[in-house]
Amino acid sequence: MSAARPRGPLALLAAALTLWAPSVKGVHGRAQDIQDDLGRPFPLPSRTPERIVSMAPNVTEILFALGLGGRVVGVTRFCDFPPETASIRRIGGLVDPNIEVIQSLDPDLVIAFRGNPLRLVGRIRKLGLPVFVLDIGEGLDSLLPLIARIGRVTRTEARAAALAAGLRHRLGAVDKATREIASRPKVFVLLYGQGLWTCGGESYVDDLIGRAGGMNVASSLPKKWALYKRERILEDDPDVIFILARSSGDFAAGRDWLLRKAGVPGVSAMRSGRIYEVDENAASRFGPRLVDVLEQMAALLHPERSGGRP
Amino acid sequence: MSRKTGRRVFWIACIVLCLAGFLVSILTGPVRTTPGDLLRFIQEPDRVQAAIFIDLRLARAVLAFLVGAALALSGAILQGYFRNPMADPFVVGVSSGASLGAVVAAALGFEAAAFGFSGPGLLAFLSGLGIVSLVYALSLRRGGSKVETFLLTGIAAGALASALTSFFLFMRSDSYDQAVFWLLGSFQLAEWGQAAAIAPWIVLCLLGSVWLGRDMDLLALGDETAQALGSPVRRVRKAFLAMSALLAALAVAVSGIIGFVGLVVPHWVRILIGPGHRVLFVASALAGGTFLLYCDLLARNILPAELPIGVITAAVGAPFFLYLLHKKR
């Protein structure tokens, strides 16, 4: 700021102008532009939008966590959390939302997410609807900024800050508990369904495992999701297996498949029985429940550190 | 039924079906609307309904009609050009070339829009025309202007372009919806800008092909005979080839690859009204547009999620085509 010293009066004038400007021409009430994650200018609403369409399950979840559930008028067919979403109008899926349905809901805010085809988002914008596009970050660290962004665009900044503070506190507790662990168990994540699908290094699940004090064996794969090879599992010999399952029935079926048919017998985790269920629904949505999943994983990987709480 | 009555029935049926198709298109969609809603909207327009009726449904119907007309006309021209009933816009490589351009553009994140086309649409258009020019140049070098050489060169170039397309799609596994769009076609993102961008060219090509229709009739007798009868064969052939390539590339650029329309519609029309090319061209355009209008209606209404339109054109077109073909024999 040393450069400002010789121009003291000028700086003062500038400051005065800045203070004065909002009162001119009612700029105070007028929309101010922010940018969405595509870098497109977006007029910031002056108050909380009344009719919000969410184009992704995690956005829906965050909107509800911010107390905006009553203002959500459209969600995707994958939005099933919290259960109150069941009665909200469906706009279609992530890659095939129906533009006509969105238009008919007459929204004053549409929140899109990466995963929605950009061409489609562009088409909705051309109808004159206010579309705010959010990008997913690389790891868990981008969850809090995401919540802050949604809080900003829905003008619930204070609630978003409180939500983020609570989550930050819990993340800190897990980080502290796993900071000085002696050994990091090797973890294989199974997405139960067809074959040995797992999460690669670009998935935030990889980040979850790392922060929970484990080591994802598929971490070196430069992909989000990948089909893992049998011989590599045998070679990696994971100590723990997490099965992402929709229900305990699915989990049992997945464990059964792994033990009998997957063709990877004798892996450490199978001998020790350290095969655990992780809620696929919570783990696959980039929302607040990821912190629940993190706590659960940390407890399963290091029971001694978290007081044996599963 | 005499050919004359047959023709009259064809024209009346086509026009009635076409108008009815537009009306049904405007009235149906995932949001329930009644004819009463439409009448009320015409009396006092409101913003949301204007977007649904005009910006979404009508724009889509118009674009589907234009693309259907372009593909059918392109097919009619190529079948006459090659004197071969198997010819369609795919055979000369336009479609594969265009989809390659689109997929490469999408993979490289090329988004600059111009002339009413999206970035991939623009590149689709250019690469579609590029492939045809290449095929044409290659076949001129080797075998004079032999039709077989041209067809085979087109098929080979098309296969190469398809392979490259698949490669790019495979490398970017997150662009699945893009892949479905470009390989099976869709009007989901139809907008007025696209219709306005392609309409003038389609009209020009239609007029041009009708104007040269008699020359195409002469070509059916063989190039030498046509030449002897005073038709400037080489120039006529070039003009027709350029028009058919332009039409197919325009269609792919706005809607992805939609198969079967260009192959089948001209056959239907020929069976119903005879082989005279002037009438055949106009009738093919009208019938192709109407056909695609109805296919799009099915694509967006029979399931909760939209079907790619290429699935419908083949599923509806093939059985009807077989029926007509065998009834005729």
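Residue indices begin from 1 for each chain and proceed along its sequence in written order. All chains are assigned letters beginning at A, and all ligands numbers beginning at 1, according to the order in which they are written. Residues qualify for local features only when their pLDDT is at least 70, as the model is predicted, and side-chain atom pairs are given and counted only at 80 or more; totals for whole chains, interfaces and linings, by contrast, use all residues. Processing note: side-chain calculations cover all non-hydrogen atoms of the structure and skip hydrogens and water entirely.

Enquirer: Describe the state of the cysteines, and please don't skip the residues or the numbers.
Expert: The criterion for a disulfide is a pair of cysteine sulfur atoms lying within 2.5 Å. In the structure shown here, the tally under the stated rule is zero disulfides over all chains. Not engaged in a disulfide, the cysteine C295 of chain B finds its nearest cysteine sulfur in C14 of chain B; these two sulfurs lie 13 Å apart.

Enquirer: Tell me about helix α2 (residues 35-43) of chain B, and please be specific about residues and values.
Expert: Residue and element names in this part refer to chain B. Three labels apply to residues, based on accessible area from a 1.4 Å probe with only protein chains included: buried if under 20% of the type maximum, exposed if over 50%, partly exposed otherwise in between. Every helix listed is a DSSP run of H or I at least four residues long, and every strand listed is a run of E at least two residues long, numbered separately from the N terminus. For α2, the complete set of buried residues consists of D37, L38 and F41. Down the axis, α2 shows its buried residues gathered within 100 degrees of arc, on one side only. In α2, those exposed residues whose orientation departs by more than 90 degrees from the buried face are P35, L39, I42 and Q43. Working note: the arc is built from the helix axis to C-beta atom directions.

Enquirer: So what about the packing of aromatic side chains? Which residues, and what values?
Expert: All names here are of chain B. Pairing of aromatic rings covers Phe, Tyr and Trp, the last through its six-membered ring, and needs centres within 6.5 Å; plane angles under 30 degrees mean stacked, over 60 mean edge-to-face, and all others mean tilted. All chains considered together, the criterion is met by 14 aromatic pairs over all chains. Here F22 and F65 contribute two aromatic rings whose centre-to-centre distance is 5.7 Å and whose plane-to-plane angle is 50 degrees, an arrangement assigned as tilted. Of this pair, F22 sits in helix α1 (residues 3-27) while F65 is found in helix α3 (residues 47-82), placing the two residues 43 residues apart along the sequence. Using a relative accessible area of 18% as the deciding quantity, one classes F22 as buried.

Enquirer: Explain the packing of α3 of chain B against helix α13 (residues 277-301) of chain B to me, and be specific about the residues and the numbers.
Expert: All names here are of chain B. Each axis is a line fitted through C-alpha atoms, and for a helix only the stretch in contact is used; angles between axes span 0 to 180 degrees, taken between their N-to-C directions. Where α3 contacts α13, the axes come no closer than 6 Å and their chain directions differ by 140 degrees. Relative to α13, α3 is oriented oblique. Of the two possible hands of crossing, α3 and α13 adopt the one that is right-handed. Considering only residue class, the contact of α3 with α13 consists of 14 nonpolar, seven polar and four charged. Angles below 35 degrees are treated as roughly parallel, those above 145 as roughly antiparallel, those between 65 and 115 as roughly perpendicular, and all remaining angles as oblique. We call a crossing left-handed when the near helix sits turned anticlockwise from the far one by less than a right angle, and right-handed when that turn is clockwise. Note that Gly is not counted as nonpolar here; it falls among the polar residues with everything else outside the nonpolar set of Ala, Val, Leu, Ile, Met, Phe, Trp, Tyr, Cys and Pro and the charged set of Asp, Glu, Lys and Arg.

Enquirer: Help me get a handle on a nonpolar patch on the surface, residues and values and all.
Expert: Exposure above 30% relative accessible area and the absence of a salt bridge qualify a residue for a patch, where like charges join within 9 Å and nonpolar side chains (Val, Leu, Ile, Met, Phe, Trp, Tyr) within 5 Å. Using the Shrake-Rupley algorithm and a 1.4 Å probe, accessible areas are obtained, with residue cover drawn only from the displayed protein chains. Put simply, a salt bridge is a Lys or Arg side-chain nitrogen that is within 4 Å of an Asp or Glu carboxyl oxygen. On the surface, a nonpolar cluster with roughly 320 Å² of combined accessible area is contributed by L298, I302, L303 and V316 of chain B. Counting through the fold element by element, L298 of chain B comes out in helix α13.

Enquirer: Quick one: what's the story with the interface of chain A and chain B, residue by residue and with numbers?
Expert: Throughout, a contact is declared for two residues whenever any of their heavy atoms are within 4.5 Å. The partner chain B presents 20 residues to the 20 residues of chain A that form the contact. Each partner contributes to the roughly 1800 Å² buried at the junction of chain A and chain B, and carbon and sulfur atoms together form 54% of this total. On the chain A side of the contact with chain B, E100, R119 and R123 of chain A bury the most area, a combined 40% of that side's loss. Here chain A and chain B share three salt bridges between them. Note: buried area is the sum, over both parts, of the accessible area (probe 1.4 Å) each one loses when the two are combined.

Enquirer: Tell me about the pairing of strand β1 (residues 32-35) of chain A, and please be specific about residues and values.
Expert: Regular strands place side chains that alternate from one sheet face to the opposite one. Residue and element names in this part refer to chain A. The pairing of β1 with strand β2 (residues 41-44) spans four bridges and is classified as antiparallel. When the sheet's bridge partners are listed, Q35 is paired in β2 with P41. Strand pairing is defined by DSSP finding a minimum of two bridges between the two strands. Here β1 hands over to β2 after five residues, with G39 in that stretch at a positive phi of 80 degrees.

Enquirer: Which residues make up the sheet that holds strand β13 (residues 275-279) of chain A, and what values do they have?
Expert: Residue and element names in this part refer to chain A. Pairing in this open sheet of four strands is parallel, and the strands run β10-β8-β12-β13 from one edge to the other. The open sheet is flanked by β10 (215-216) and β13, the only strands paired with a single partner. One ladder, built from five bridges, connects strand β12 (residues 240-245) with β13; its direction is parallel. Note on β13: the bridge partner recorded for I243 is E277. Its contacts with the sheet put helix α9 (residues 248-260) on β8 (186-191), β12 and β13, and the angle it makes with β12 is roughly 135 degrees.

Enquirer: With reference to specific residues and values, describe the sheet that holds strand β4 (residues 72-75) of chain A.
Expert: Residue and element names in this part refer to chain A. Strand order in the open sheet formed by five strands is β5-β4-β3-β6-β7, with parallel pairing between adjacent strands. In this open sheet, the two strands that pair with only one neighbour each are β5 (89-90) and β7 (131-134). When β4 meets β5, the two strands line up parallel, connected through two bridges. Looking across to β5, one finds that V75 is bridged to R90. Along the sheet, helix α4 (residues 118-126) makes contact with β6 (109-113) and β7, crossing β7 at roughly 160 degrees.

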